[in-house]
Amino acid sequence: MADLEYKVIVGLEIHVHLRTATKMFCGCELAYGQQANSRVCPVCLGLPGALPVMNKKAFEYSVLAGLALNCEIAKFTKWDRKGYYYPDLPKNYQISQYDLPFSEHGYIEIPVEGPQAKKIRITRAHLEEDAGKNTHTSGNYSQVDLNRAGTPLLEIVTEPDMNSGAEVRAMAVELQRIVRYLGISEGDMQKGHMRFEPNINLAITKDGKEYRTPIAEIKNLNSFRALEASVNYEVVRQLDEFERTGKVMVEGSKTTRGWDDAGRQTVLQREKEEASDYRYFPDPDILPVVMTDEWLGEIRGRLCELPLKKQMRYVADYNLSEYDAGVLTGERANAEFFERVVEAGGEPKRVCNLLTQMGLKVANARDCGLAELGLKENDMAKLAKMIEGGDINASAGDRIMQEMMVSDKGPGKIARELNLIQKSDAGELEAFVEAVLAENEKAVEDVRNGGKKSKAARGFLLGQVMQKTKGQANPQVVNQILQEKLKSK
Ligand code: ZN
Ligand code: MN
């Protein structure tokens, strides 16, 4: 393939299931993995004459998301019917929002290489209902489960501001963190809580002219891996197609493709329908929503510090690495636990090490958060101080922390009981060092002769002192004493 100069252009459409107790327009329970068609009623079955009623909580969750995405929230928003003729939505239309969505013109900040976040513009976010689920695994007939039909679905549409598969993935991951922070969705990919549809094309420069390849929309991706892989695949496919055919974007040349996970490729599904094919019209059964300043203010009050802000603050204020800050801010409850320990006086880096290593290891094994490990914030701060002050070493810190999870004792008491306090008293340690030097004349000579053997000999002597003190000596202090003694000999 000749080396063409090109730019990848990707916009994203995301559907997010909201975590409400009941469906968008009826009182049916939202439950995952229950017996098929056990959570249905005349409204979500689309029986004639049934009247939908808006779920206020779902609307508030959506507005909260809109605010977090820096969107303008509409004072007036209405509901529309979108023509949809498939067995998984028996009304034959989906209740959605067409020309007056509840929010528009926002942006999301995503982490990219370098110190600055990148802004991805949000075109709009609207609320709609999900369809049910068709399955085709029962031989020569298909089955429909309508438990999911009517699930509140937040649809977010971005501007084509992403320029690589990695950026698209970063955007998706960031959005997942945000909806979890806000508590409006579990964002569980396995349960289909988030589905992605990237719109991909290329701007190719050839002989000083720019060409745009036809946009491909990849439908219904439900993993970050598939999302990134499908974008990367499209880049190669579109480059290749352009070289072979010279095809460029014209009216109506947009196509819809699916992702074949086994074959690791996208496959053509159909030419794109236009919005007019959906025959949108206002739903006469549902009242429009009028947003008052009071109501909006109340929802705004539920916003929290967003994950990326938090992450960047941890790096700037606590000097944590990008990586550690990312791990700590992965879950809001974990981040807040960390902050409480720091507030109680724990040195951030020490606290971070304790929590991201032993803490998360145990929490993940127990499938719970850091705050559910039975650790008291004050005790954790004390433990971090003990390590910071050299009273105990880091591995003793982990030991003590494990003990703290199952007992009410403070870290000091546990350290004494388990004999983990380091000997840092120079006077006491000097005697041990003297003894070791006397017993190991050969090693002392090696050190004094310098050269290759000297480093190993130093290590050996330090090891001997540690052994003599049953591992309880503070190695830094021992090292200092060793240094002095070996110099003066
Ligand atoms: Zn229902
Ligand atoms: Mn949609």
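Everything here concerns the structure above.
Residues numbered from 1 in each chain as written. Chains lettered and ligands numbered in written order. Predicted model: local features only at pLDDT ≥ 70, side-chain atom pairs only at ≥ 80, totals over all residues. Heavy atoms only, no water.

Q: Give a detailed account of the overall build of the chain, specifying residues and quantitative values.
A: Helices and strands together make up the secondary structure of the chain, namely 15 helices and 17 strands. In terms of C-alpha radius of gyration, the chain reaches 30 Å, well past the compact-globule figure of 23 Å for 489 residues. Projected onto its principal axes, the C-alpha positions of the chain cover 95 × 60 × 50 Å. Per-residue burial for the chain yields a buried fraction of 48% across its 489 residues. The contacts in the chain between residues at least 6 apart in sequence include a share of 69% that link residues at least 24 apart. If you average the places of the 66 positive and of the 72 negative side-chain charges in the chain, the two averages end up 4 Å apart. (Helix = DSSP H or I, 4+ residues; strand = E, 2+ residues; numbered from the N terminus. Rg over C-alpha atoms; globule rule 2.2 N^0.38 Å. Buried < 20%, exposed > 50% of the residue type's maximum accessible area, 1.4 Å probe, protein only. Contact = heavy atoms within 4.5 Å. Lys, Arg positive; Asp, Glu negative; His and termini not counted. Charge placed at Lys NZ, Arg CZ, Asp CG, Glu CD.)

Q: Lay out the side chain of Glu 129 in plain terms, naming residues and giving numbers.
A: With respect to the secondary-structure elements, Glu 129 resides in strand S7 (residues 117-129). At 2.8 Å, the side chain of Glu 129 forms a polar contact with the side chain of Lys 91. Look past the residues within four positions of Glu 129 in its chain and what remains in contact with it is Met 24, Phe 25, Lys 91, Tyr 93, Gln 94, Ile 95, Gly 150, Thr 151 and Leu 153. (Polar contact = N/O pair within 3.5 Å; in protein donor to acceptor, adjacent residues only side chain to side chain.)

Q: An account of the coordination of the zinc ion (ligand 1) is requested, with residue identities and associated values reported.
A: Within the first shell, the zinc ion (ligand 1) binds the protein through Cys 26 (SG), Cys 28 (SG), Cys 41 (SG) and Cys 44 (SG), at distances of 2.3 to 2.4 Å. Bound by four donor atoms, the zinc ion (ligand 1) shows angles of 100 to 117° at the metal and therefore tetrahedral coordination geometry. Between consecutive donor residues of the zinc ion (ligand 1), the sequence gaps follow C-x1-C-x12-C-x2-C. Comparing Cys 41 with Cys 44, the two get one shared label, buried. (Donors = N, O, S within 2.8 Å, 3.2 Å for Na, K, Ca; no water. Tetrahedral: all angles 85-135°; square planar, octahedral: opposite > 155°, others 65-115°.)

Q: Give a description of the pairing of strand S4 (residues 80-83) that names residues and reports values.
A: In summary, the side chains of a regular strand alternate between the two faces of the sheet. As paired elements, S4 and strand S5 (residues 93-96) share four bridges and run antiparallel to each other. Across the sheet, residue Arg 81 finds its bridge partner in S5, namely Ile 95. (Pairing = 2+ DSSP bridges.)

Q: Please provide a residue-by-residue account of empty space enclosed by the protein, values included.
A: What the rule picks out here adds up to one cavity of 30 Å³ or more. Within this model, the largest cavity holds a volume of roughly 30 Å³. Taken together, Gly 374, Leu 375, Lys 376, Asp 379, Met 404, Ser 407, Asp 408 and Lys 409 form the lining of the largest cavity. Residues of the lining of the largest cavity, tallied by class, amount to two nonpolar, two polar and four charged. (1 Å grid on protein atoms, 1.4 Å probe; cavity = no way out; pocket = protein on both sides within 12 Å on 5 of 7 lines; lining within 4 Å. Points joined across faces, edges and corners; volume = space filled by probe spheres on them. Nonpolar A, V, L, I, M, F, W, Y, C, P; charged D, E, K, R; others polar.)

Q: Just give me the short version of the sheet that holds strand S16 (residues 281-282), but keep the residues and values in it.
A: The strand order across the open sheet built from three strands is S5-S4-S16, with neighbouring strands paired in antiparallel fashion. Of all the strands in the sheet, just S5 and S16 have a single pairing partner and so form its edges.

Q: Account for helix H8 (residues 348-366), naming residues and giving values.
A: Along H8, the sharpest kink reaches roughly 40°, centred on Gly 359. Listed in full, the buried residues belonging to H8 are Pro 348, Val 351, Cys 352, Leu 354, Leu 355, Thr 356, Met 358, Gly 359, Leu 360, Val 362 and Ala 363. (Bend = angle between axes of the 7 residues up to and from the residue.)

Q: Lay out the packing of H8 against helix H10 (residues 394-406) in plain terms, naming residues and giving numbers.
A: Across the interface, H8 lies against H10 with an axial gap of 10 Å and an inter-helix angle of 40°. Taken as axis vectors, H8 and H10 run oblique relative to one another. At the point where H8 passes H10, the crossing takes the right-handed sense. Contact residues: H8 offers Leu 354, Leu 355, Met 358, Gly 359, Val 362 and Arg 366, while H10 offers Gly 397, Asp 398, Met 401, Gln 402 and Met 405. Residues of the contact of H8 with H10, tallied by class, amount to six nonpolar, three polar and two charged. (Axes fitted to C-alpha atoms, helices over the stretch in contact; angles between N-to-C directions. Parallel < 35°, antiparallel > 145°, perpendicular 65-115°, else oblique. Left-handed = near helix turned anticlockwise from the far one by under 90°.)

Q: An account of the coordination of the manganese ion (ligand 2) is requested, with residue identities and associated values reported.
A: Taken together, His 15 (NE2), Glu 128 (OE) and Glu 155 (OE) make up the full set of protein donors to the manganese ion (ligand 2), lying 2.0 to 2.1 Å away. Classification of His 15 by relative accessible area gives buried; the value is 10%. For Glu 155, a relative accessible area of 8% translates into the label buried.

Q: Tell me what's going on with the nonpolar core, and back it up with residues and numbers.
A: In this structure, Phe 196, Phe 338 and Met 380 are the most contacted members of the largest nonpolar core, which totals 108 residues. Ranked by residue count, the leading element in this core is helix H2 (residues 165-182), at nine residues. For this core, the domains that each give at least three residues are domain 1 (5-296) and domain 2 (307-417). Counting residues in each nonpolar core, the second largest holds 18 residues, with Leu 429, Val 433, Ala 443 and Val 465 among its members. (Core = buried A, V, L, I, M, F, W, Y, C linked by side-chain atoms within 4.5 Å. Domains from an automatic or database assignment.)

Q: Lay out unusual backbone geometry in plain terms, naming residues and giving numbers.
A: Even without being glycine, Asn 70 reaches a positive phi, approximately 60°. Along the polypeptide, Asn 70 turns up in the loop between helix H1 (56-68) and strand S2 (72-73). Exposure remark for Asn 70: the relative accessible area of 34% places this residue in the partly exposed category.

Q: I'd like to hear about helix H13 (residues 441-449), residue by residue, with values.
A: In an α-helix, one full turn covers 3.6 residues, which means residues spaced three or four apart are oriented alike. Looking at H13, one finds that the buried residues are Ala 443, Val 444, Asp 446 and Val 447. One side of H13 holds all its buried residues, which, seen down the axis, span an arc of 160°. Exposed residues on H13 whose side chains face more than 90 degrees from its buried face are Glu 441, Lys 442 and Asn 449. Residue Gly 450 follows H13 closely and has a positive phi angle near 70°. (Arc of directions from axis to C-beta.)

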